[in-house]
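# Survey of secondary and tertiary structure
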Amino acid sequence: MKNKGQQNTTVTPRIVYQNKEILRRYAFCMGDNDLDKFIIKGGRRLEGEVSVSGAKNAAVAIIPAVILADGPCILENVPNISDVSISLRILYEMGAQVKTLGYNTFLIDATTITEPIVPYEMAKHMRASYYFLGTLLGKFNRARVSMPGGCYLGDRPIDQHIKAFSALGAQCNLDHGMIDINAGSLIGAQIYFDFVTVGATINTMLAAVKAKGLTVIENAAKEPHVVDLANFLNSMGADIMGAGTDVIKIKGVRSLKGTNYAIIPDQIEAGTYMVAAAATRGNVLIKNVIPKHLESITAKLEKIGATVEEFDDSVRVSVDGPLVRTNIKTMPHPGFPTDMQPQFSTLLCTAAGTSIVTEDIFNNRFRYVEQLRRMGANISIDGKVAVIEGVSYLMGAPVTVPDLRAGAALVIAGLAARGITEIEDIYHIERGYEDIERKLQGLGADISRKSVPGGTSSSHKVAL
Ligand code: EPU
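Conventions used here
Residues numbered from 1 in each chain as written. Predicted model: local features only at pLDDT ≥ 70, side-chain atom pairs only at ≥ 80, totals over all residues. Heavy atoms only, no water. Helix = DSSP H or I, 4+ residues; strand = E, 2+ residues; numbered from the N terminus. Buried < 20%, exposed > 50% of the residue type's maximum accessible area, 1.4 Å probe, protein only. Contact = heavy atoms within 4.5 Å. Areas by Shrake-Rupley, 256 points an atom, 1.4 Å probe, with all protein chains shown as cover. Core = buried A, V, L, I, M, F, W, Y, C linked by side-chain atoms within 4.5 Å. Axes fitted to C-alpha atoms, helices over the stretch in contact; angles between N-to-C directions. Parallel < 35°, antiparallel > 145°, perpendicular 65-115°, else oblique. Nonpolar A, V, L, I, M, F, W, Y, C, P; charged D, E, K, R; others polar. Near = heavy atom within 4 Å. Polar contact = N/O pair within 3.5 Å; in protein donor to acceptor, adjacent residues only side chain to side chain. Domains from an automatic or database assignment. pLDDT = per-residue confidence, 0-100. Salt bridge = Lys/Arg side-chain N within 4 Å of Asp/Glu carboxyl O. Phe/Tyr/Trp six-rings, centres within 6.5 Å; stacked < 30°, edge-to-face > 60°.

Secondary structure summary: the chain contains 15 helices and 24 strands in total. Going through the 464 residues of the chain one by one, you find that 59% of them count as buried. The contacts in the chain between residues at least 6 apart in sequence include a share of 75% that link residues at least 24 apart. On the chain, roughly 17300 Å² of surface is accessible, and the fraction owed to carbon and sulfur atoms is 49%.

Structure below.
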């Protein structure tokens, strides 16, 4: 997909859904499906083709970044997931004009936003609401955003974000659960992160893009969505170099214009279908991917005995023989992504031998393990290390999703298992996977949704 030049467009003063299907897909009411379950009759090989949607973690950075533009932006390949709905909802509640132009295309005019405030009621729904800090600071030299609520993967402090904002000249205070940031003006600075952090790298780019002078981020994150945000900002007229390496240089510019931009395909959604194909010993062509982004996943799949064929913008995963053990250690990009750890660990549950999985990014990302044990998995946990003894097969069972990628892992387990798996709390999955049910059905999976009427918006929900 190509990015096009800026377009002149009339913006309506509210969110307009052009047809009912789009309204359904981008349902603005968070929480209506809270109690829905997936029912999976496992044991079918996945076969056929599946197309990957736009990247969640790029979208939740790029949507707030629209605030920096002095004109409307058109975003294409926007994934239909609840994190996106929430991001758009925050913009809308702040006074932006948001319009759907097609299935996955939005026109957003955020020039009508005047108050740089995101209250708790909005920020609590999504972890990535912290990107409004950087973007509002970059636009207005001040921001007041609620601390993102909850925490599913262990401690997730934002000290490196605050360190960067302070280096740029901002005063940061915590006041009644709100992060209050003020700067007379933002001045470019040299920022060295103590460790690699995606969120702080992105937030620094957002805050520094219009700061006076040069900002240099050292030990920057290199994830594909960091690069995608830099490309998006550059298409608005920013001057950012080095994204994708560990040194990013940002020369502040005076203004940024509206743009037309297509979000990259989701690396983790692609990896999830790759692993699902292998777990069911299937044969699946995964389309609309950037194979380079998938190299660490491809390498591990090949190591355990799967076949991965790479094409220009697709990959085929197939399994004909037995799968064998391997070790995994999660690392920042281009290492093996933490966001694929639960899915790959699930695959290793039925690979012959003992696999060792080390989670080095988050300190509480094994909460799915007790659910997998209910399905017959043999996994022991010691701190950040999981030891997985391969078993011949998993058995269907009722399970509950603790977080987004854990949910994807439990779906994979259900697809591979013998018997029926009933998966509760699937709203976590819907934060990051567009139409997972339909896409899996297209591959021959027996998965259906059991609607439970009466689901209401739950205050405990926090996106990843
Ligand atoms: N950390 C700090 N202080 C900070 C920032 C991070 O201690 O100021 C720690 C974190 O607690 C974590 C590590 O550093 O232990 C890395 O955190 P990072 O900032 O890289 O992660 P994040 O921005 O919170 C994003 C993704 C996550 C993904 C991680 C790592 C978004 C919205 N979220 O989180 O995505 O796991 O990077 O790649 O982009 C997911 O999609 O399922 C998901 C959890």
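What follows picks up the thread again.
To continue, consider helix α11 (residues 341-348). The element α11 is extensively covered by neighbouring structure, given that 8 of its 8 residues are classed as buried. Restricting attention to buried positions, one finds in α11 the residues Gln-341, Pro-342, Gln-343, Phe-344, Ser-345, Thr-346, Leu-347 and Leu-348.

Counting 79 residues, the largest nonpolar core has Met-205, Leu-229, Phe-232 and Leu-233 as the members making the most contacts within it. The dominant element in this core, judged by the number of residues it contributes, is helix α2 (residues 56-65), at 7 residues. Ignoring sequence-local partners within four residues, the contact set of Leu-229 consists of Ala-61, Ile-62, Ala-65, Ile-202, Met-205 and Leu-206.

Let us now look at the packing of helix α9 (residues 267-279) against helix α10 (residues 295-304). Between α9 and α10, the least distance of the axes is 10 Å, while the angle of their chain directions is 10°. Taken together, the axes of α9 and α10 lie roughly parallel to each other. From α9, Gln-267, Gly-271, Met-274 and Ala-278 reach across to α10, where they touch Ile-297, Thr-298 and Leu-301. For the contact of α9 with α10, the class distribution of residues is 4 nonpolar, 3 polar and no charged.

Once that is clear, we can look at the side chain of Ser-146. Tracing the backbone shows Ser-146 in strand β7 (residues 142-146). Those residues within four positions of Ser-146 in sequence are excluded, and the remaining contacts are Val-118, Pro-119, Tyr-120, Ala-123, Gly-177 and Met-178.

Around the ligand, 26 residues are found, and the nearest of them are Tyr-130, Asp-159, Gln-160, Asp-339 and Ile-361. Measuring from an oxygen atom of the ligand, one finds a backbone N or O atom of Val-198 at 2.8 Å. Within the complex, 92% of the 820 Å² of free accessible area of the ligand lies under protein. Going through the elements one at a time, α2, α6 (159-167), α7 (198-208) and α13 (404-416) are the ones with two or more residues in the shell around the ligand. Here the residues of the shell around the ligand sort into 13 nonpolar, 6 polar and 7 charged. Here the shell around the ligand spans two domains, and each of domain 1 (28-44 + 321-460) and domain 2 (54-262) adds at least three residues to it.

Per-chain confidence: the chain averages 90 in pLDDT, with 89% of residues scoring 70 or above. In the model, residues 1-31 has pLDDT below 50 throughout and makes 71 contacts with residues more than four positions away in sequence or in other chains.

This part covers unusual backbone geometry. Omega for the bond connecting His-333 with Pro-334 falls within 30 degrees of zero, at 10°, which places this linkage in the cis form. Within the fold, Pro-334 resides in the loop between β18 (327-329) and α11. Even without glycine at this site, Asn-77 takes up a positive phi of about 60°. Relative to the helices and strands, Asn-77 resides in the loop between β3 (73-76) and α3 (82-94). Judged by its relative accessible area of 12%, Asn-77 falls in the buried class.

Moving on, we get to the pattern of salt bridges. Using the criterion set out here, one finds 22 salt bridges in the structure. A salt bridge links Glu-437 to Arg-449, with the shortest nitrogen-to-oxygen separation between them at 3.1 Å. Taken together, the residues span a long stretch of sequence, with Glu-437 in helix α15 (residues 436-442) and Arg-449 in strand β24 (residues 446-450) at a distance of 12 residues. Each of Asp-36, Glu-430, Glu-437 and Arg-449 takes part in a single network of salt bridges with overlapping partners.

One can find Phe-140 in helix α5 (residues 131-140). Sequence-wise, Phe-140 and Glu-115 are 25 residues apart; in three dimensions their C-alpha atoms are separated by 8.6 Å. Excluding residues that lie within four positions of it along the chain, Phe-140 makes contacts with Ile-67, Ile-113, Thr-114 and Pro-116.

All right, on to the packing of aromatic side chains then. The final tally for this structure, using the stated rule, is 4 aromatic pairs. Ring geometry for Phe-232 and Tyr-261: centres 5.5 Å apart, planes at 75°, overall edge-to-face. Of this pair, Phe-232 sits in helix α8 (residues 224-235) while Tyr-261 sits in strand β14 (residues 260-262), and the two are 29 residues apart along the sequence. Here the aromatic rings of Phe-366 and Tyr-368 are separated by 6.3 Å at their centres, their planes lie at 55°, and the arrangement is tilted. Looking at Phe-366, the relative accessible area reads 10%, which means it is buried.

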